[in-house]
Amino acid sequence: MSTAIHDLIDRFLNNTATAREREQVMHLLADGQLSKALGEQIYQHQLFYINNPRRLAIRDEDRQRSAHIKRRSLETILGVTARPIHLGLPSSWMAVAAVLVVLVLAVVWLVQQSHAEVQQVARRPAVEREAVYQGRQFFHLADNTAVTLNHGSELRYSSAPDARVREVTLKGEAYFDVVHDPARPFIIHANGITIKVLGTAFNVKAYTGQAEVRVTVARGLVDVRKPGNFQTLLHRDQELAVDVASGHVARQSVDAAEAIGWNRDFIILDRVDLVTAAAILGKRFGRTITVEGSDIGTCHIAAVFVEDDNVTLTRVLDAITQSLPDTQYELLPGGDVVLHAKACR
């Protein structure tokens, strides 16, 4: 090992390294340039500071860079970015290196949180508001997260303007499409189970009185846990069934679109342009729907239809033309449709 690397590791272990130098250590470990013994020493060092976050000193000039590193890495870990991570490391150390990166970022985050807590004491407490949604419906929360609620369900959402988390309580079943926000995790409490995400799409079934809670992931990565019992991560097209009484968990691979079939009863045009709306409706009703006109990209639709209400294609088209007065539709002999639109104002 060169003298420069030796000095770098020494500063890392003595807690005098900058955020950039700590990142260099992580890259050295991931590239297999450090011995197993030294890797274990670094690992134990990070565990110590995770348990004692205030013992880690990070210089003020490094905080902004540390926050950027944390955000970028979390986005990669949770699948927000498309680039895969390739670690040139023996298989026995790949998991340790990945954990170390997360640990370093977690330490930085914990220290930043401790400073924020001290500053918060001097602030005026923010007013917390609670919104309650019941029954079968589609809606957006204050952060623009989209929620589809099933029959017999209730969702309570409490938030303050400066809250560091987005938190809801669910009784029943709901499909969430969570807006990505690395600085504010989204947390769901459901029948003793806690689900935590930064931004993803998934379904939670947790009716009161039922023996299990079921979580199904359609996109991204979801953290599911029961305090004092278990914690696990679910990926796309994975489903977890949790026995509420025993805490026993069963994981399986599924086709999420099929497993979450109940929400297909909803036709959701969530602030989409006319071309996108035509594609959604064409797929739903098995028709070819084309859009003709100038500047049609300026026309957007926000509407929700439920098939329980005997929704037909013509009913949906009537609603669209009523909301966009300069838009008309034409039914062709074979059943296909042409939407004639003008620029929306």
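In this report, the structure presented in the accompanying data block is examined. Note that this is a predicted model, so its numbers are computed, not measured.

## Side note on the environment of A183
And step 1. Position of A183 relative to the elements: it lies in the loop between strand 5 (166-177) and strand 6 (186-190).
And step 2. When the C-alpha positions of A183 and L198 are compared, they lie 8.3 Å apart, and in sequence the two are 15 residues distant.

## Some points on helix 1 (residues 3-13)
And step 1. Along helix 1, the residues classified as buried are L8, I9 and F12. In an axial view of helix 1, the angular spread of the buried residues amounts to 95°, which keeps them on one side of the axis.

## Overview of the nonpolar core
And step 1. One finds L155, F176, I188, I195, F202 and V204 to be the most contacted residues of the largest nonpolar core, which totals 30 residues.
And step 2. In terms of residue count, the dominant contributor to this core is strand 5 (four residues).
And step 3. A277, C299, V311 and V337 belong to the second largest nonpolar core, which has 22 residues in total.

## Examining the pairing of strand 18 (residues 337-341)
Each regular strand shows side chains that alternate between the opposite faces of the sheet.
And step 1. With four of five residues buried, strand 18 lies mostly within the body of the structure.
And step 2. Direction of pairing for strand 15 (residues 289-293) relative to strand 18: parallel, over a ladder of five bridges. In the sheet register, T290 faces strand 18, and the bridge partner there is V338.
And step 3. Direction of pairing for strand 17 (residues 328-331) relative to strand 18: antiparallel, over a ladder of four bridges. From the neighbouring strand, L331 faces strand 18, where its bridge partner is V337.
And step 4. Here strand 17 hands over to strand 18 after five residues, with G335 in that stretch at a positive phi of 100°.

## Notes on the packing of aromatic side chains
And step 1. Summed over all chains, the structure comprises four aromatic pairs.
And step 2. Judged by centre distance (3.8 Å) and plane angle (5°), the ring pair of Y133 and F139 falls under stacked. Just as Y133 is buried, F139 falls in that class too.
And step 3. Between F176 and F202 the ring centres are 5.4 Å apart and the planes differ by 20°, which places this aromatic pair in the stacked class. Placement of F176 in strand 5 and of F202 in strand 8 (residues 201-206) is noted, with a sequence separation of 26 residues between them. One exposure class covers both F176 and F202, and it is buried.
And step 4. Through a chain of ring-to-ring contacts, the aromatic side chains of F176, F186 and F202 assemble into a single cluster.

## Things to note about the pattern of salt bridges
And step 1. Per the stated rule, a full pass over the model turns up seven salt bridges.
And step 2. One salt bridge in this structure joins D143 and R166, with 2.6 Å as the shortest N-O distance. Placement of the pair is D143 in the loop between strand 2 (137-140) and strand 3 (146-149) and R166 in strand 5, with a sequence separation of 23 residues.
And step 3. Between R219 and D177 there is a salt bridge whose closest N-O contact spans 2.8 Å. Here the residue R219 occupies a position in strand 9 (residues 212-219), and D177 occupies one in strand 5, the gap between them amounting to 42 residues.
And step 4. Of the residues examined, R219 reaches a relative accessible area of 38% and is grouped as partly exposed.
And step 5. In this structure D177 comes out as partly exposed when scored by relative accessible area, which is 30%.
And step 6. Through salt bridges with shared partners, one network takes in E212, R214 and E239.

## Thoughts on the environment of I267
And step 1. Here I267 shows up in strand 14 (residues 266-273).
And step 2. Assessed through its relative accessible area of 1%, I267 is described here as buried.
And step 3. Residues I267 and V304, spaced 37 residues apart in sequence, show a C-alpha to C-alpha distance of 5.7 Å.
And step 4. Discounting chain neighbours no more than four positions away, the residues touching I267 are L281, R284, F285, A303, V304, F305 and V311.

## Structural notes on the sheet that holds strand 15
Backbone hydrogen bonds are what pair the strands of a sheet, in a parallel or an antiparallel way.
And step 1. Spatial ordering of the open sheet is given by 15-18-17, a layout of three strands whose pairing is mixed. The two strands at the open ends of the sheet, each matched to only one other strand, are strand 15 and strand 17. Within this sheet the neighbouring strands show an average axis-to-axis angle of 25°, counted without direction.
And step 2. Sheet contacts for helix 7 (residues 274-285): strand 15 and strand 18; angle to strand 15, the most-contacted strand, approximately 160°.
And step 3. Across the sheet, helix 8 (residues 313-323) lies against strand 15, strand 17 and strand 18, angled at about 155° from strand 17, the strand it touches most.

Rules of the game
- Position numbers for residues count from 1 along each chain, tracking the sequence in the order it is written.
- Given that this is a predicted model, residues contribute local features only at a pLDDT of at least 70 and side-chain atom pairs are listed and counted only at 80 or more, while totals for whole chains, interfaces and linings are drawn from all residues.
- Side-chain descriptors were evaluated using all non-hydrogen atoms of the structure, hydrogens and water having been removed beforehand.
- Here a strand is any run of E in DSSP of at least two residues, a helix any run of H or I of at least four, and the numbering for each starts at the N terminus.
- Three labels apply to residues, based on accessible area from a 1.4 Å probe with only protein chains included: buried if under 20% of the type maximum, exposed if over 50%, partly exposed otherwise in between.
- It is the directions from the helix axis to the C-beta atoms whose arc is reported.
- Among buried residues, those of type Ala, Val, Leu, Ile, Met, Phe, Trp, Tyr and Cys that are joined through side-chain atoms within 4.5 Å constitute a nonpolar core.
- Strands are treated as partners if at least two bridges between them are detected by DSSP.
- Paired rings are identified among Phe, Tyr and Trp, the last through its six-membered ring, by centres lying within 6.5 Å, and are further divided according to the angle between planes into stacked (under 30 degrees), edge-to-face (over 60) and tilted (the rest).
- For salt bridges, the criterion is a side-chain nitrogen of Lys or Arg within 4 Å of an Asp or Glu carboxyl oxygen.
- Working rule for contacts: check all heavy atoms of both residues, and any pair within 4.5 Å makes them a contact.
- The axes used here are C-alpha line fits, helices contributing only the stretch in contact, and every angle between their N-to-C directions lies in the interval 0 to 180 degrees.

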